[in-house]
Amino acid sequence: MTVNLRHIHPLSEFQRGAKAFLATLKETQSPMVLTVNGKAAVVVQDADSYQNLLDRVALLESMAGIRKSVAEFEQGRGMPLDEAFTQLRAKHDLPD
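What counts, and at which threshold
Residues numbered from 1 in each chain as written. Predicted model: local features only at pLDDT ≥ 70, side-chain atom pairs only at ≥ 80, totals over all residues. Heavy atoms only, no water. Helix = DSSP H or I, 4+ residues; strand = E, 2+ residues; numbered from the N terminus. Rg over C-alpha atoms; globule rule 2.2 N^0.38 Å. Buried < 20%, exposed > 50% of the residue type's maximum accessible area, 1.4 Å probe, protein only. Contact = heavy atoms within 4.5 Å. Areas by Shrake-Rupley, 256 points an atom, 1.4 Å probe, with all protein chains shown as cover. Lys, Arg positive; Asp, Glu negative; His and termini not counted. Charge placed at Lys NZ, Arg CZ, Asp CG, Glu CD. Core = buried A, V, L, I, M, F, W, Y, C linked by side-chain atoms within 4.5 Å.

Draft legend 1. The arrangement of the overall build of the protein chain in detail. A tally of helices and strands in the protein chain yields four helices and three strands. Reading the protein chain from its N end, one meets helices and strands in the order β-α-α-β-β-α-α. Against the 2.2 N^0.38 benchmark of 12 Å for 96 residues, the protein chain shows a C-alpha radius of gyration of 23 Å, more extended than a compact globule. When burial is assessed residue by residue, the protein chain has 15% of its 96 residues classed as buried. Partitioning the intrachain contacts of the protein chain with sequence separation of at least 6 by distance along the chain shows that 24% fall at a separation of at least 24. For the protein chain, the exposed area adds up to about 8000 Å²; of that, 58% sits on carbon and sulfur atoms. When the 11 basic and 12 acidic side-chain charges of the protein chain are each reduced to a single mean position, those positions are 11 Å apart.

Okay, structure coming up:
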């Protein structure tokens, strides 16, 4: 995702018109870069968009973990599921 150049503003401008900026964030669902002395200082976005971003990152991390596990298993570094359960039951003293 790239930042729209129309969504780069000085922090002081954001502070003066916070309500209007918050409405824009919610409407566009696009992050906004706030600058201090002409340099990017912070990125802000609406809560729903941020949660969506967190959900997408979690999904991607899960997918990467699954791909890694499949690759390890294909390289012979895994074990059959029933053997894994047997080891877990023994390690944690769980009933069969």
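Moving on, there is more to tell.
Draft legend 2. A look at the nonpolar core. In terms of nonpolar packing, the biggest core is built from six residues, these being Phe14, Phe21, Leu25, Met32, Leu34 and Val44. Only helix 2 (18-28) and strand 2 (32-36) provide two or more residues apiece to this core. Beyond its immediate chain neighbours, meaning those up to four positions away, Phe21 contacts His9, Glu13, Phe14 and Met32.

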